[in-house]
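One letter stands for each residue in the lines below.
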Amino acid sequence: MILRKTLVSAFCVLFGLLSASAFPGQQLLPAHRTWLDDVSPIITKIEREVFLKLKTDAERDKFIQFFWRQRDPLPDTKENEFYKEYMDRVRFADQDFGRGAFKRGSQTERGLFYLILGKPLERNFFTTHSELWPMELWFYKGEEPYGLPAYFYLIFYQPQGMGDYRLYYPGVEGPEKLVIPGVGARSVTRASAIQVIKKSSSELAGAAQSYLPGDRPLGSASFSSDSIIAAAKSLPEKKFSDAYARSYMNYKDFVETEYADNFINAGAKVRLFAAAGQPFLHWSIEPDKMSFAQRGEDFYAGFELLVRMEDSKGNLILENTEEIPVSLTEAQYKAHERRRFAFQDILPVIPGKYRFFFLLKNKTGKDFTSFETTVSVPGEGTGLRLSSLLLFHGQEPVPAGQRMNLKAFAFDGVQYIVGAKNEFLPQESLGAYVQAEGLKEAAADPLAVLRLELHSLDDGSLVRDQKFPLAEVQGRTGGGTVFGPFALANVKPGYYSAEVSVVSGGKTLASEKDNFILLSQPYPALPWAYAKVHSPFPSPEQLRVLATQYFMGRDYEKAGGLLDRALKLKEDAPTRLLLGKSLFAMNRFQDSLATTVPLYEATKDREAAKVIALDHAGLKDWTTALVYLDKLMAEATEVGVLNLAAECHLNLGRPDQALPLIQKSLSLDPSQPAIRALEEKAKKGK
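Below is a summary of the structure that appears in this document.

So, how was this worked out
Within each chain, residue numbers correspond to sequence positions counted from 1 in written order. Only residues with pLDDT of at least 70 get local features here, since the model is predicted, and only at 80 or more are side-chain atom pairs given and counted; chain-wide, interface and lining totals rely on the full set of residues. Based on all heavy atoms of the structure, the side-chain values leave hydrogens and waters out of the count. Secondary structure elements follow DSSP: runs of H or I no shorter than four residues count as helices, runs of E no shorter than two count as strands, and numbering proceeds from the N terminus. Note on method: radius of gyration uses C-alpha positions; expected globular size equals 2.2 Å times residues raised to 0.38. When checking whether two residues touch, look at their non-hydrogen atoms; a contact exists if any pair is within 4.5 Å. For the charge count, each Lys or Arg is scored as positive and each Asp or Glu as negative, with His and the chain ends excluded. Charged groups are reduced to one reference atom each: NZ for lysine, CZ for arginine, CG for aspartic acid, CD for glutamic acid. Any pair of Phe, Tyr and Trp rings, taking the six-membered ring for Trp, is counted once the centres come within 6.5 Å. Such a pair is stacked with planes under 30 degrees apart, edge-to-face with planes over 60 apart, and tilted for the rest. In this scheme, a residue with accessible area under 20% of its type's maximum is buried, one over 50% is exposed, and one in between is partly exposed, where area comes from a 1.4 Å probe on protein chains only. Paired strands are those between which DSSP finds at least two bridges. Nonpolar cores are built from buried Ala, Val, Leu, Ile, Met, Phe, Trp, Tyr and Cys residues. Side-chain atoms within 4.5 Å join them into one set. Just to be clear on terms, a salt bridge is a Lys or Arg side-chain nitrogen sitting within 4 Å of an Asp or Glu carboxyl oxygen. Comment: axis = line fitted to C-alpha atoms, over the contacting stretch for helices; angle = value between 0 and 180 degrees taken between N-to-C directions. Here is the rule for angles: anything less than 35 degrees is roughly parallel, anything more than 145 is roughly antiparallel, 65 through 115 is roughly perpendicular, and the remaining ranges are oblique. Handedness of each helix crossing follows the sense of rotation of the near helix against the far helix: counterclockwise by less than a right angle gives left-handed, clockwise gives right-handed. Under the scheme applied, nonpolar residues are Ala, Val, Leu, Ile, Met, Phe, Trp, Tyr, Cys and Pro; charged residues are Asp, Glu, Lys and Arg; polar residues are all the others, including Gly.

**Topic: the overall build of the protein**
Next, step 1: Looking only at helices and strands, the protein features 23 helices and 27 strands.
Next, step 2: A globule of 686 residues ought to have a C-alpha radius of gyration of about 26 Å, yet the protein, at 33 Å, is considerably larger.
Next, step 3: Each principal axis of the C-alpha distribution contributes one length, and for the protein these read about 100 × 80 × 60 Å.
Next, step 4: In the protein, once contacts between residues fewer than 6 apart in sequence are set aside, the share between residues at least 24 apart is 63%.
Next, step 5: Side-chain charges of the protein comprise 83 positive and 84 negative groups, with the mean position of each set lying 3 Å from the other.

So, in structure tokens, the structure goes:
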């Protein structure tokens, strides 16, 4: 029993199938708690959630660098102007608003709005009036793009003349809250309170009714004031992008220290389409900024793209890193310098629901971007379905010699020009591409159609409606349907949705949606795409990628079948090694040896030696297994190799040789309960 567990453990360790242990989060250091307090007014909900989930102090320190970098108005300068100004606000608030409060001044209500909005244009004090509670009137110039009016007021008052100042809510409390009731007098009314306040300041009396200058609300409520307070509190969520925080948990382990605060926002589009019956993921990544270096008259940059695929339980299914060198002539650079640069590619994928994480690093500019998405890949025979909906700007014929090859967003001999952000210009045209499968039953209805509708998201109006008979769609050999392109000159700028649906018998049987924006101002919406060309499916490389996904998902039978096909097309060392691992996992030890031994003899590959050792251990040929394990241990020290070698020695009745190996393994990784049990067995056997 111990042997089988050891073999499984060794298999997982040697082949990297087990994810790293997750250690519980640590208590926040005082410095990190203070930082979280300092930025509490401006940190977004997502940023706070991510920061509190981090497990180490180093991760938190790196996150804080990202946080300030995202708010730097001039990232190319040495000083972060926002950080300097904000920390000046914190120091002022602690000093000025902390008197009489039981907490730091920056954590009071005055501190909250001072940190969010900054220093007011005017700050007037009303602290010595016998009929009014102590209060302050602040006057601001608002940031209109984020929902604030051009100018507005805030009032802070000290209830009962004691303790901390709090924000006054005109729409909830009314001006009578600001007036000190007279001894023995009747209760203060709204009208009488306004008159009392006017004696001190007509401006204050107006602000007590509404924070919007010139607004005179009917009745007791001021909806304008409520809107101003809400807009001020939500300003950080609107003003600062937290896109980096959404992916931080993924990229924190892949980004070098010198990149730590150089996150670049990007647009991204991920769609799923089939080629020769095989699902392929198509994607486009468009960084908001591209940094190039100049060498002579040419411009260049070196990029690294990491693509990580996980199943619904978080298990790694595929991880691939690729170097992408980009070199431009001076003419190319000048011709495209105002356009976005798009990195586009495809990936064959197996059925299931997966999370994909993309990390693009500019190794020349020392910056990076990332995004993640979830994709459901249907299996065979799942009935009627539509592919992703692809909205495109234009289309170009693929050169005749490349029509059979595969490329991102190219189908049936046509290359579709797409933008990740789905932004279109009035002078452009818009088209839509979709693939439909399993239409036979629905197409029996002569009135069944494949329909495209374009709706305004602003007023719900229908701006375009096009239908194709389903029988016609089913008869197409390419499998794809193109709607349009449609001219957009007569469509007003705004937000729109596009929906393709299969309609039969008056019912919608399947549908796919996507949104787009029609811009009002000229803008270089079309990206300049960098896209690789791939061989037609199935190529040996594509089969190995699919086999890797099945292998990591522990479907070794399907992995082995694909790898057999790949080797018949092309002899390849990585493919042969993965086949050897798959055969071992299926307990086909002799077949695994027949596959892996020739590879080891030709290359002396270390991974091949591990598979051979595991195969011999599976056959209980401990002596031969040790021949390979001894060679491996002479080159490097690995926990899995030490454990398997110890097991072999124990089965050969040599506990004295097993014990030092076990103890070495435990010194490298103490958290191995099964190996500790093996240690006790070795001690008893001596």
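**Concerning the packing of aromatic side chains**
Next, step 1: Across all of its chains, the model carries 45 aromatic pairs by this definition.
Next, step 2: Summarising the aromatic geometry, the rings of Phe67 and Trp68 are spaced 5.1 Å apart at their centres and angled 85 degrees between planes, so their arrangement reads as edge-to-face.
Next, step 3: Relative accessible area serves as the criterion here: at 0%, Phe67 is assigned to the buried category.
Next, step 4: Consider the rings of Tyr157 and Tyr168, whose centres lie 6.2 Å apart with planes at 85 degrees: the pair is edge-to-face. Of the two residues, Tyr157 sits in strand E3 (residues 151-157) while Tyr168 sits in the loop between strand E4 (166-167) and helix H7 (190-200), which places them 11 residues apart along the sequence. In this structure, Tyr157 and Tyr168 share a single accessibility class: buried.

**Some remarks on the sheet that holds strand E15 (residues 394-397)**
Next, step 1: Across the sheet, three strands lie side by side as E15-E18-E17; this open sheet has antiparallel pairing. Bordering the open sheet on either side are E15 and strand E17 (410-411), each of which pairs with just one other strand.
Next, step 2: Direction of pairing for E15 relative to strand E18 (residues 414-417): antiparallel, over a ladder of four bridges. Counted as the bridge partner of Glu396 is Gln415 from E18.

**Notes on the pairing of strand E21 (residues 449-456)**
Next, step 1: For E21, the buried fraction is high: six of the eight residues fall into the buried class.
Next, step 2: Bridging between E21 and strand E22 (residues 462-469) involves seven bridges; their strand directions are antiparallel. Residue pairing in the sheet places Arg451 in a bridge with Lys467 of E22.
Next, step 3: The antiparallel pairing of E21 with E22 creates a hairpin that spans five residues between the two strands, and Gly460 there sits at a positive phi of about 80 degrees.
Next, step 4: Where E21 meets strand E24 (residues 494-504), eight bridges bridge the pair, whose relative direction is antiparallel. Its bridge partner lying in E24, Val449 is registered against Val503.

**Focus on the nonpolar core**
Next, step 1: If you look at the biggest cluster of nonpolar residues, it comprises 61 residues, and the most contacted ones within it are Leu281, Phe356 and Phe358.
Next, step 2: The residues touching Phe356, leaving out its near neighbours within four places in the chain, are Leu281, Arg308, Met309, Leu347, Val349, Phe371, Glu372, Thr373 and Val375.
Next, step 3: If you look at the next biggest cluster of nonpolar residues, it comprises 38 residues, including Ala93, Met135, Phe139 and Leu235.

**As for the pattern of salt bridges**
Next, step 1: Counted according to the given criterion, the structure contains 40 salt bridges.
Next, step 2: When the shortest N-O distance is used, the salt bridge between Asp57 and Arg60 registers 3.0 Å. Residue Asp57 and its partner Arg60 are both found in helix H4 (residues 57-70); the two are separated by three residues, about one turn of the helix.
Next, step 3: Using a relative accessible area of 24% as the deciding quantity, one classes Asp57 as partly exposed.
Next, step 4: Taking the relative accessible area as the measure of exposure, Arg60 reaches 1% and is therefore buried.
Next, step 5: Note that Arg308 and Glu319 form a salt bridge whose closest N and O atoms lie 2.3 Å from each other. You can see Arg308 sitting in strand E8 (residues 298-311) and its partner Glu319 sitting in strand E9 (residues 316-328), a full 11 residues away along the chain.
Next, step 6: Bridged by salt links that share partners, the residues Arg308, Glu310, Glu319, Arg355 and Glu372 form one connected network.

**Digging into the packing of helix H19 (residues 606-618) against helix H20 (residues 622-635)**
Next, step 1: As a packed pair, H19 and H20 sit with axes 8 Å apart at the nearest point and diverge in direction by 150 degrees. The pairing of H19 with H20 is recorded here as roughly antiparallel in orientation. Of the two elements, H19 crosses H20, and the hand of that crossing is left-handed. Across the interface between the two elements, Arg606, Ala609, Lys610, Ile612, Ala613, His616 and Ala617 of H19 pack against Trp622, Thr624, Ala625, Tyr628, Leu629, Leu632 and Glu635 of H20.
Next, step 2: The class makeup of the residues in the contact of H19 with H20 is nine nonpolar, two polar and three charged.

**With respect to the packing of helix H15 (residues 540-552) against helix H17 (residues 573-585)**
Two packed helices can be described by the angle between their axes and the distance between those axes.
Next, step 1: For the pair H15 and H17, interaxial distance at closest approach is 11 Å and the crossing angle is 25 degrees. Judged by the inter-axis angle, H15 sits roughly parallel to H17. Here the hand of the crossing between H15 and H17 comes out left-handed. Taking contact as the criterion, the partners of Arg544, Ala547, Thr548 and Phe551 in H15 are, on H17, Pro574, Thr575, Leu578, Lys581 and Ser582.
Next, step 2: Tallied by class, the residues present in the contact of H15 with H17 amount to four nonpolar, three polar and two charged.

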